[in-house]
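Coordinates in review
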Amino acid sequence: MSKRRRPWEADKTGGRRRARRATAVVAGLAVLAGAGVSAAAATGWTPFGRGSGSVTAAPLELFGMPAEDCRIDAALDGWASGTLHLDARDVEDGEQLIGIRSDDAAATGSTMKLLTAAAAVTTLGPGATIETHVVEGESADTVVLVGGGDPTLSRLPSGQESVYPGAPHLDDLARQVLDARSRDPRLADTPIRHLEVDASLFSGPAWEPGWPESARTSGSVSNITAVMVDGDRDDPTVAYSPRSGSAVQRAATAFAAELGAEVVVGDLVAAPPDAEELGAVRSAPVRDLVRHLLTNSDNTLAEALARLVAIERGVGSDFAAVQTGTTGALAELGLDVEGLRLADGSGLSRDDAVPAAFLTRLLVEVARHTDGLAVVDDGLAVAGRSGTLAEDGRFSAQNADAAGRIRAKSGTLSDMSGLAGLTNAADGTTVAFTIWAEDTPPGAAATDARAAVDALAAEVSRCGAAL
């Protein structure tokens, strides 16, 4: 038996700011010159900003773009869904195509998960797994369950899937423990009487103060603990199943039952670092966890990965450590993290503050698959096809032309709605974008805000480099 191992640019007024790709402008000017047309007169655009007229169809057609489908001006002029933050960039050169309050930090909702996912892939590695193991206790009739921060560990029988595909199971771990003890002369004749739990990998409060209590009771997120099963859901097979107020106790009780009817759950302890290991199970690899948390917007999984990033980077293991851990990882991607405020890893907190321009710059690196970020790209939900972007008929009516063209992460709070992702635009360009509608009213207006965000994303997809 082995020894215990370690688990593992600003327009502050809100006006528009646009940039053209040099190659498109040069090519377009050449065509216009050959046709005897003044570029400034034809497009209404000058090097110092937009002219008084709107862009006409003719020059865009000369650029090879579907001008009749690009109605971004109308969409922006008619915006009525809260305060708009918009940033879009050409992935090829990273240049900004359009920006509205793009450098103003704002709440992110679940688009924050893009930061957490990128930090997890680059810090932990796409092939890393999260280990939960059991070691010998201080007495022969005691074992210790040692949490590694894996919220996917399941109390369902092996072979039965929870909401987390490929999750490890308590019954498998129990079998290993009982088998290891049966083969050890010191322990074979001593039944297990006591189960202790080491949940010390995560420190600090289990609940972020900025989260509403309704997020737990409605099933959006659990208390964040290093030991839990099925994300602490009442029903392991239902994504939005209510969570308890005692995640560690639920996991310990379920594991004790697997070890034997007479096993009693004891105290929380810190397992001796040299204790003999009796069994271990491992999560699916980080690449699969990241895909799941993005496509399905899993808050608990995002928080666990954010803590593990901080631990791996040696900066702490509580909510406060998420700020240093995640920004440190993103800085290594060459991104300027100055001014970011990360209260959590899921985006549930209103105290999170990130500029839309920062998120779009990160998405440019995701689209380029920098440093293994192809995993993040793979996890983005596809408009009208998968995850949160296929719920409630999204991208199935007036925006159906954008279905399959946009892959993104949605974000929703009580007073904001957002979408951040990539689009294979109609003109053949790949555009990274972030759209947030902040300060939106509750109720039916929140649904209207989400529809407005989707419609604006569809316009970005139609326009491409013509933004």
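Right above here is the structure, for reference.
Now for a description of the structure that goes with this document.

The rules behind the values
Residues numbered from 1 in each chain as written. Predicted model: local features only at pLDDT ≥ 70, side-chain atom pairs only at ≥ 80, totals over all residues. Heavy atoms only, no water. Buried < 20%, exposed > 50% of the residue type's maximum accessible area, 1.4 Å probe, protein only. Helix = DSSP H or I, 4+ residues; strand = E, 2+ residues; numbered from the N terminus. Pairing = 2+ DSSP bridges. Right-handed = clockwise from strand over helix to strand, strands pointing away. Contact = heavy atoms within 4.5 Å. Axes fitted to C-alpha atoms, helices over the stretch in contact; angles between N-to-C directions. Parallel < 35°, antiparallel > 145°, perpendicular 65-115°, else oblique. Nonpolar A, V, L, I, M, F, W, Y, C, P; charged D, E, K, R; others polar. Core = buried A, V, L, I, M, F, W, Y, C linked by side-chain atoms within 4.5 Å. Domains from an automatic or database assignment.

To continue, consider the pairing of strand β9 (residues 194-198). With four of its five residues buried, β9 lies for the most part within the structure. Looking at chain direction, strand β8 (residues 142-146) and β9 are connected through five bridges and run parallel. In the strand pairing of β9, Val144 is matched with Glu196. In the classification by handedness, the crossover that spans β8, the intervening helix α6 (residues 170-182) and the parallel β9 is right-handed. Relative to strand β10 (residues 264-268), β9 runs parallel, the two sharing three bridges. Bridge pairing in β10 places His194 opposite Val264.

In this section: the environment of Asp351. Residue placement: Asp351 occurs in the loop between α11 (319-331) and β12 (354-355). Taking C-alpha positions, Asp351 is 9.4 Å from Thr108, a pair spaced 243 residues apart along the chain. Ignoring anything within four residues of it in the chain, the contact list for Asp351 reads Arg341 and Ala343.

As for its position among the elements, Ser81 is in the loop between α4 (72-77) and β4 (83-90). A residue is classified by how much of its surface remains accessible, and Ser81, at 12% relative accessible area, is buried.

At a minimum axis distance of 9 Å, the contact between helix α5 (residues 113-124) and α11 shows a crossing angle of 70°. Considering their axes alone, α5 and α11 lie roughly perpendicular with respect to each other. Contact residues: α5 offers Leu115, Ala118, Ala119, Thr122 and Thr123, while α11 offers Thr326, Ala329 and Leu330. Grouping the amino acids of the contact of α5 with α11 by side-chain chemistry returns five nonpolar, three polar and no charged.

The strand order across the open sheet formed by five strands is β10-β9-β8-β7-β11, and the pairing between neighbours is mixed. Because the sheet does not close on itself, it has two edges, and the strands there are β10 and β11 (277-282). Recorded for the sheet is a direction-independent mean angle of 20° between the axes of neighbouring strands. Of the strands in this sheet, β7 (131-136), β8 and β11 are in contact with α6, which crosses β11 at around 160°. Where helix α8 (residues 247-259) meets the sheet, it contacts β7, β8, β9 and β10, and its direction lies at approximately 145° from that of β9.

Structurally, Arg175 is set in helix α6. Separated by 83 residues in the primary sequence, Arg175 and Glu258 place their C-alpha atoms 8.3 Å from one another.

Within the largest apolar cluster, 63 residues are counted, with the highest numbers of intra-cluster contacts made by Leu115, Val290, Leu305, Leu362 and Val376. Contributing elements (two or more residues each) for this core: α5, α9 (286-296), α10 (299-312), α11, α12 (356-367), α13 (374-379), β15 (416-424) and β16 (430-438). No fewer than three residues from each of domain 1 (72-125 + 289-466) and domain 2 (129-285) sit in this core. The next biggest cluster of nonpolar side chains, apart from the first, holds 33 residues, and it includes Ile98, Ala403, Leu456 and Cys463.

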